[in-house]
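Structure at a glance
Here are the chains, one letter per residue:
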Amino acid sequence: MHKLTSHFETGTFKKKEKVFLEEREYALALDSLVKACVDILICDNNKNKVLIAKRCIEPQPDWWFIGGRMLPGETLIQTALRILSRELSIDLIDINQISIEQIVQRFETVTHFTYLWEKRVQPPVDNGTADVSIILTINLNENEINRINIDRREYSDFKWIELNEILSEQTNIHIAFKQAVQDLIAKRNLLKLQLLIEEYNNNNQNNNQNNIIEQNSQNLKEKIVQQAIDFVSTIKIISKNN
């Protein structure tokens with residue numbers, strides 16, 4: 001199973017210096033193109049809570065992911081690292097004194113969405129905008145969490161919320177964020193199921209009719225069934241009425 005969305009390069013892509021479009025030019029681009037974005041489900045090291053931030057500006061001036069658009073020539077991880085540095089003041093490579101190749105192992109693709117937004121920052125604001133987003137996840141350790149300094153130009157607040165609380169019908173959060181959390185839980189349950197099946201198969205290969213080993217196999221069977229039930233219960237699309 002791939003942890004990250006596959007990336008392919010054909011020939012040699014010549015990376016350009018960053019181009020800044022005037023507001024009118026950028027507005028025309030938004031009318032013509034779909035933006036590619038990377039949004040990040042940031043979890044604590046215990047994997048029980050997720051960071052959610054309140055954006056100040058369109059197209060989603062409410063609780064949302066930490067994220068942003070990709071730049072030409074960037075990989076998903078390069079975009080994610082740039083966004084974490086810009087919006088949370090966290091430089092994972094500098095903090096941990098490791099290479100980008102090592103930091104890649106900490107990211108995983110959760111899911112991908114397309115968005116149509118009614119409004120945007122650039123006039124005419126009612127023209128809206130369209131995005132396709134790849135949702136990544138990463139677990140931050142305590143040292144990294146303590147270094148968070150959110151970009152107040154983009155966000156007015158942030159908080160950590162339990163994953164199950166995100167999915168509660170009483171929690172007023174965008175359906176896309178809820179679906180991403182649902183998909184993350186499903187991926188975790190699938191991984192647990194795969195590991196249990198692998199352990200069961202290994203156990204059976206070594207089975208020499210020993211009663212203890214047979215009992216262990218039975219226990220693993222029961223765990224596999226329960227884990228399969230947990231997995232199936234999480235591979236659902238959240239109702240748009242939530």
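Note that the structure is a prediction, hence the values are computed from the model and not measured.

Structural notes on the overall build of the chain
Helix and strand counts for the chain stand at 8 helices and 7 strands. Relative to its 242 residues, the chain shows a buried fraction of 38%. A separation of at least 24 residues holds for 71% of the contacts in the chain among residues at least 6 apart in sequence. Working note: accessible area of the chain is about 14,800 Å², and carbon and sulfur atoms make up 50% of it.

Some words on the packing of aromatic side chains
Enumeration according to the criterion identifies 6 aromatic pairs in this entry. With a centroid separation of 5.4 Å and 80 degrees between ring planes, the pair formed by W64 and W117 is classed as edge-to-face. Pair noted here: W64 is in strand β3 (residues 63–64) and W117 is in strand β5 (residues 108–117), with a separation of 53 residues, a long-range link. Judged by relative accessible area, which is 6%, W64 ranks as buried. Between the aromatic rings of Y115 and W117, the centroid separation amounts to 5.3 Å while the plane-to-plane angle is 40 degrees, which identifies the pairing as tilted. An identical accessibility class is assigned to Y115 and W117; each is buried.

As for the nonpolar core
Of all hydrophobic cores here, the largest spans 25 residues; its most connected members are I40, I42, I66, L88, L92, F107 and L136. Breaking this core down by element, the ones donating at least two residues are β1 (35–44), β2 (49–55), α2 (76–88), α3 (92–96) and β6 (129–140). Discounting residues that sit within four places of it in the chain, I40 has contacts with F65, I66, A80, I83, L84, L136 and I138. Counting 22 residues, the second-largest nonpolar core is a separate cluster that includes L41, C43, V50 and V181.

Examining the environment of A186
In this fold, A186 is placed in helix α7 (residues 175–205). What makes A186 buried here is its relative accessible area of 7%. In this structure, the C-alpha to C-alpha distance between A186 and V232, residues 46 residues apart in sequence, is 8.0 Å.

Criteria and cut-off values
- Chains are numbered independently. Their residues run from 1 in the order of the written sequence.
- Given that this is a predicted model, residues contribute local features only at a pLDDT of at least 70 and side-chain atom pairs are listed and counted only at 80 or more, while totals for whole chains, interfaces and linings are drawn from all residues.
- Note that the side-chain values use all heavy atoms of the structure and ignore hydrogens as well as water.
- Helical segments are the DSSP runs of H or I of at least four residues, strand segments are the runs of E of at least two, and each set is numbered from the N terminus.
- Only protein chains enter the accessibility calculation, which uses a 1.4 Å probe; a residue is then buried when its area is under 20% of its type maximum, exposed when over 50%, and partly exposed in between.
- Contacts were defined at the residue level, with two residues in contact if any of their heavy atoms lie within 4.5 Å.
- Accessible areas in this description were obtained via Shrake-Rupley with a 1.4 Å probe; residue shielding takes into account the shown protein chains only.
- Pairing of aromatic side chains requires ring centres within 6.5 Å, counting the rings of Phe and Tyr and the six-membered ring of Trp. Pairs whose planes differ by under 30 degrees are stacked, by over 60 edge-to-face, and all others tilted.
- Think of a nonpolar core as a cluster: buried Ala, Val, Leu, Ile, Met, Phe, Trp, Tyr and Cys residues, connected wherever their side-chain atoms sit within 4.5 Å.

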